[in-house]
Amino acid sequence: MSSIGSGYDLSASQFSPDGRVFQVEYANKAVEASGTVVALRCKDGIAFAVEKIITSRLYESGSNKRIHNVDKHIGMAVAGLLADARQLLTVARDEAKQYKYDYGVSIPVKYLADRLAMYMHAYTLYGFVRPFGCFILLAAYESDGPQLYGVEPSGVTYAYHGIAVGKAQQTAKTEIEKLKLSELKLEDGINEAAKIIYQVHDEVKDRMFELELSWVGQVNDGKHERVPTQIFAKAESFAKASLEEADDDDDEM
Amino acid sequence: MDVLNPMTYDAEEDQLRDRTKYSQMDKHIIPVEFQQQPVSTGTTIVAVEYDGGVIIGADTRTSAGTFVMNRFTDKLTPLTDQIFCLRSGSAADTQAIAQVVTYQLDFLSAEMNEPPLVRIAANCVRRMIYQYRDDFLAGMIVAGWDKKLGGQVYSCPLGGLLVRQPVTLGGSGSTYIWGYLDNNYRPNMTKDECYDFVLKGITLAITRDGSSGGCARIAIINKDGVERIDVLGNDLPKVFDL
C-alpha cells in the first residue's frame with residue numbers, strides 16, 4: 001500500500017514525476033493512524049462520535065478532548081495529530097470571531113470550511129513548512145438544515161452525509177453505508193454512531209479508549225454541545241449491547 | 001506620491017486636488033452664496049416591512065442651503081440586487097458609505113456564492129457610521145429581502161446604532177410625520193396599504209419640510225426582485241394645503 005517517494009518526498013514544494021505531492025499523502029497517513037471519528041448527518045442534526053485511544057492508565061480521564069466548539073453553533077471533531085488540530089481550532093475560532101465582528105451574524109459553516117481549507121492548503125505549498133496532519137470535521141445546524149463538512153490535509157473540502165476518518169475508517173464507512181441517514185433521527189443517530197465506534201474498535205491493538213459523543217441539531221436549537229449524561233449512558237449501553245449481540249451471533253455460527 | 005521624498009512636487013496630485021476643490025468646480029454653476037454650504041439630502045425617507053417584502057420611499061430634493069441642487073435625486077441606492085439603502089444627511093458621506101458597502105457585499109457574495117443577508121448589509125453600513133461617527137453626518141435606512149428572514153428594515157442613524165424595525169422614518173422631513181405614522185400604521189398591512197402609507201407620508205413631509213420636496217420615489221422589494229415607481233409632483237395624493 002505504501003509507495004516509496006524516492007527523493008521527491010522531501011518537501012511539499014516538489015511534485016513527483018507522476019504528479020503527486022508526497023508530503024500531503026504522508027500527512028494523510030498521520031490521519032489514518034489516529035483513533036476513529038464517525039460523523040452522521042441525520043434528518044434533524046449531526047452526531048459526532050470519537051474513539052479517543054488512551055495509551056496510559058495514569059492519564060486523567062477527559063484530557064485531550066477531540067471534539068471542540070468553534071462558535072456556539074459549530075462543532076469541530078479532529079482526527080490526526082492533536083497539536084496540529086489545536087492550531088487549526090484557534091484559526092477557526094479567529095475566523096468565526098472576525099466574521100461576527102465584520103458582519104454581525106454568526107459565520108455559516110460552509111464559509112468557515114472554505115476559509116479553513118484555504119489555510120490548510122497554504123501549508124502544502126512551501127518547502128519550509130509541513131502540511132497539517134489532521135482531518136477536520138465541521139458540523140452545524142443552520143436555517144437550511146444540518147450541514148457536515150470535512151477538510152483534508154491537502155486543503156480539499158467536501159460536504160458529507162456521513163463520514164468516518166482514522167484507523168478503522170474503511171470498516172466504519174461500510175457500517176455507515178448500511179444506515180438510512182436521511183430518515184434517521186438525531187437521538188437514534190447518536191446511538192448508531194456510538195455503536196459503530198464500539199464495533200470498529202480494535203481490542204487487541206488499543207486496549208483502552210474513551211468514547212466522546214456530541215451533537216448539534218433541532219433538539220438543542222443549533223447549539224453544538226457534548227451529549228447530556230443520560231443520553232451518553234444510553235448510547236454507550238446500546239453500543240455495548242449490540243456488541244454482545246454480535247458476539248452471540250458469532251458463537252452460534 | 002513620492003514616499004521617499006515627500007517634498008517633491010507631484011503634478012498628478014496637484015491636479016487632483018484642483019479638480020476636487022469645491023468652489024473651483026462649481027463657481028460657474030452655483031451662485032456664490034451657496035458654494036460654501038454643505039450639500040445635504042435634507043430628505044424624508046420611509047421604509048416599511050410587509051409580509052413578503054419591504055416598501056421604501058423617499059423625496060427627491062438635494063439642497064445646498066436654500067438652493068435646490070437636484071430636484072429629482074434618487075435617494076434609493078442599491079447595495080445589492082435585493083437590498084437598498086435610503087440616504088439622509090450629507091450627500092457626500094452617504095454616497096461614500098453606499099459605495100464602500102456595495103463593494104464589501106459584492107466581495108462577500110462572491111465568496112459565499114449566494115446573495116448577502118440584509119442584516120449583514122445593515123451591519124456594514126452601521127460599522128462605517130460608527131467608526132467615523134465624529135466625521136460623518138449620515139442617517140441611513142437599509143431595507144431589502146433575503147431568503148432567510150424575508151423582508152427586513154434596519155435603521156442605522158447618526159451615532160452608529162443598528163436596530164431592526166417593522167417601520168421607520170428618517171431625514172429632516174420625518175419629524176413632521178411621526179404623528180402620521182403613530183396614527184396610521186398598523187402591523188400586518190397588505191402591500192397596497194403599505195404603499196399608500198409610504199406615499200402619503202412622503203407627501204405630507206414634502207408639504208411641511210423645506211428641505212424635502214420634488215417627487216416621490218418608491219421601490220417595492222420582494223423575492224421576485226425590485227419594482228421602482230416614481231410618483232411625479234402633480235400625481236402625489238392631494239393634501240389639504242392652507
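Our subject in this report is the structure included herewith. Being a predicted model, the structure only gives us computed values, none of them experimental.

Rules and cut-offs
Residues numbered from 1 in each chain as written. Chains lettered and ligands numbered in written order. Predicted model: local features only at pLDDT ≥ 70, side-chain atom pairs only at ≥ 80, totals over all residues. Heavy atoms only, no water. Helix = DSSP H or I, 4+ residues; strand = E, 2+ residues; numbered from the N terminus. Rg over C-alpha atoms; globule rule 2.2 N^0.38 Å. Buried < 20%, exposed > 50% of the residue type's maximum accessible area, 1.4 Å probe, protein only. Contact = heavy atoms within 4.5 Å. Areas by Shrake-Rupley, 256 points an atom, 1.4 Å probe, with all protein chains shown as cover. Buried area = accessible area lost by both parts, 1.4 Å probe. Salt bridge = Lys/Arg side-chain N within 4 Å of Asp/Glu carboxyl O. Polar contact = N/O pair within 3.5 Å; in protein donor to acceptor, adjacent residues only side chain to side chain. Nonpolar A, V, L, I, M, F, W, Y, C, P; charged D, E, K, R; others polar. Expected span 1.5 Å × (residues − 1). Phe/Tyr/Trp six-rings, centres within 6.5 Å; stacked < 30°, edge-to-face > 60°. Lys NZ or Arg CZ within 6 Å of the ring centre and 35° of its normal. Core = buried A, V, L, I, M, F, W, Y, C linked by side-chain atoms within 4.5 Å. Pairing = 2+ DSSP bridges. Axes fitted to C-alpha atoms, helices over the stretch in contact; angles between N-to-C directions.

Okay, the overall build of chain A next. A count of helical and extended segments in chain A gives 6 helices and 10 strands. A globule of 253 residues ought to have a C-alpha radius of gyration of about 18 Å, and chain A, at 19 Å, matches this closely. Viewed in the frame of its principal axes, chain A has a C-alpha envelope of about 55 × 50 × 40 Å. Counting all 253 residues of chain A, 49% fall into the buried class. The long-range fraction of contacts in chain A, counting pairs at least 24 apart against all pairs at least 6 apart in sequence, stands at 65%.

This part is about the overall build of chain B. Looking only at helices and strands, chain B features 6 helices and 13 strands. For chain B, the residues scored as buried account for 48% of the 242 residues in total. Of the roughly 13,000 Å² of accessible surface on chain B, a fraction of 52% belongs to carbon and sulfur atoms.

To continue, consider the interface of chain A and chain B. If you look at the interface, chain A gives 10 residues, while chain B gives 9 residues. Of the roughly 980 Å² buried between chain A and chain B on both sides combined, carbon and sulfur atoms contribute 56%. The largest per-residue losses of area from chain A upon contact with chain B belong to Y103(A), V105(A) and Y111(A), which jointly make up 48% of the total buried on that side. Applying the counting criterion to the chain A and chain B interface returns 2 salt bridges. For the salt bridge of R127(B) with D102(A), the shortest nitrogen-to-oxygen distance reads 3.5 Å. The tally of links from chain A across to chain B stands at 4 residue pairs in polar contact (both at pLDDT 80 or more). When contributions to the side of chain A that touches chain B are tallied by element, the ones reaching two or more residues are α2 (82-103) and α3 (109-122) of chain A. No other element matches the 4 residues that α2(A) contributes to the side of chain A that touches chain B. Across the side of chain A that touches chain B, the residue classes break down as 6 nonpolar, 2 polar and 2 charged.

On to α3(A). Between its terminal C-alpha atoms α3(A) stretches 20 Å, which fits the 20 Å expected from 14 residues at 1.5 Å a residue. Among the residues of α3(A), those classed as buried are V109(A), Y111(A), L112(A), A113(A), L116(A), A117(A) and M120(A).

Here the focus is the environment of C42(A). Residues and elements named next belong to chain A. Its place among the elements puts C42 in strand β1 (residues 37-42). Under the relative-accessibility criterion, C42 is labelled buried at 3%. Ignoring any residue separated from it by four or fewer positions in sequence, one finds C42 in contact with P146, L181, L184, K185, L186 and G189.

Another aspect to go through is the packing of aromatic side chains. Considering all chains together, one arrives at 13 aromatic pairs over all chains under this definition. For the pair Y180(B) and F197(B), a centre-to-centre distance of 5.5 Å together with 15° between the ring planes defines the contact as stacked. Placement of Y180(B) in helix α5 (residues 178-184) and of F197(B) in helix α6 (residues 191-208) is noted, with a sequence separation of 17 residues between them. Each member of the pair, Y180(B) as well as F197(B), carries the same accessibility label: buried. The ring of Y101(A) has R127(B) sitting right over it, with the charged end atom 4.1 Å from the ring centre.

Attention now goes to the nonpolar core. Judged by nonpolar contacts, the single largest core of 53 residues is most densely connected at I136(A), L138(A), L79(B) and V142(B). Residues contacting V142(B), with those up to four places away along its chain left out, are L79(B), I83(B), F84(B), C85(B), V118(B), A121(B), A122(B), V125(B), Q152(B), V153(B), Y154(B) and C156(B). Counting residues in each nonpolar core, the second largest holds 27 residues, with L40(A), L179(A), A193(A) and A194(A) among its members.

Residues and elements named next belong to chain A. Across the sheet, 5 strands lie side by side as β8-β1-β2-β9-β10; this open sheet has antiparallel pairing. At either margin of the open sheet sits one strand with a lone partner, and together these are β8 (162-165) and β10 (225-226). Inspection of the sheet shows β1 paired to strand β2 (residues 45-54) by 6 bridges, in the antiparallel sense. Counterpart to C42 in the pairing with β2 is G45. Sheet strands in contact with helix α4 (residues 169-178) are β1 and β8, and its direction is about 160° off that of β8.

Residue and element names in this part refer to chain B. Tracing the sequence through the fold places R133 in the loop between α4 (118-131) and β8 (138-146). Residue classification places R133 among the partly exposed positions, given a relative accessible area of 42%. Sequence spacing of R133 and G159 is 26 residues, and the spatial spacing of their C-alpha atoms is 5.7 Å.

Looking now at the sheet that holds strand β13 (residues 225-231) of chain B. Residues and elements named next belong to chain B. One open sheet accounts for 5 strands, arranged β11-β2-β3-β12-β13; its pairing is antiparallel. Both outer strands of the open sheet, β11 (167-170) and β13, are each paired with one neighbouring strand and no more. The mean inter-strand angle of the sheet, taken between neighbouring strand axes irrespective of direction, is 15°. Relative to strand β3 (residues 53-59), α6 is tilted by about 15°, and along the sheet it contacts β2 (45-50), β3, β11, β12 (216-222) and β13.

Side chains that differ in sign of charge can pair as their charged atoms come close. In this structure the tally under the stated criterion is 23 salt bridges over all chains. Between D202(A) and K205(A) there is a salt bridge; the shortest N-O distance is 3.8 Å. Given the relative accessible area of 68%, K205(A) is considered exposed. Each of D74(B), R217(B), R228(B) and D230(B) takes part in one network of salt bridges that share partners.

Residue and element names in this part refer to chain A. Strand β5 (residues 134-142) sits mainly inside the fold: 8 of its 9 residues count as buried. Pairing between strand β4 (residues 74-80) and β5: 7 bridges, direction antiparallel. Looking at the pairing, G80 lines up with C134 of β5. The pairing of β5 with strand β6 (residues 145-151) spans 7 bridges and is classified as antiparallel. Of the residues in β6, the one forming a bridge with E142 is G145.

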